[in-house]
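Observations on the model geometry
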Amino acid sequence: MTDGSLTPRQQGQIATLAGFLSPLVGILLMIILAVLVNVVVGIIVGAIAVLVMVPITQRLLRRRSQS
């Protein structure tokens, strides 16, 4: 999954930023759903969102850094 056009430092920066942004989205979803629907639903959906957002965020950041 490594791309030859990115240096290891750029790959690390992308991974760090994705690891920072994805939990923020998940926590935001947890809070919104916990308040509006149910605490358990908020926790489950927020956890799934974090797991799904990490690879998506990495792809988006990789594309942005290459262009």
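Up top is the structure.
Keep in mind that what you see is a predicted model, and the values were worked out from it rather than measured.

Parameters and conventions
- All chains use their own residue numbering, which begins from 1 and follows the written sequence.
- Residues qualify for local features only when their pLDDT is at least 70, as the model is predicted, and side-chain atom pairs are given and counted only at 80 or more; totals for whole chains, interfaces and linings, by contrast, use all residues.
- Note that water and hydrogens are dropped before the side-chain values are worked out from all heavy atoms of the structure.
- Put simply, DSSP marks the helices as runs of H or I at least four residues long and the strands as runs of E at least two long, and each gets a number from the N terminus on.
- Take the residue count of a helix, subtract one, and multiply by 1.5 Å to get its expected span.
- One fitted axis covers the seven residues ending at a residue, a second covers the seven starting there, and the bend at that residue is the angle between these axes.
- Buried means the residue's accessible area, taken with a 1.4 Å probe over protein chains only, is under 20% of the maximum for its type, while exposed means over 50%, and partly exposed covers the values in between.
- Residues are treated as being in contact if the distance between any of their heavy atoms lies within 4.5 Å.
- Two N or O atoms form a polar contact when they lie within 3.5 Å of each other; inside protein one atom must be a possible hydrogen donor and the other a possible acceptor, and for residues adjacent in sequence the pair counts only when both atoms belong to side chains.

This next bit is on helix 2 (residues 39–66). Between its terminal C-alpha atoms helix 2 stretches 40 Å, which fits the 40 Å expected from 28 residues at 1.5 Å a residue. Approximately 35° is the largest bend angle found in helix 2, and it occurs at M53, with the proline P55 only one to four residues beyond. Listed in full, the buried residues belonging to helix 2 are G42, G46, A49, T57 and L61. As for helix 2, its buried residues are in contact with helix 1 (8–36). Between a side-chain oxygen at the N-terminus of helix 2 and the backbone nitrogen of V40 the separation is 3.4 Å; the capping residue is N38.

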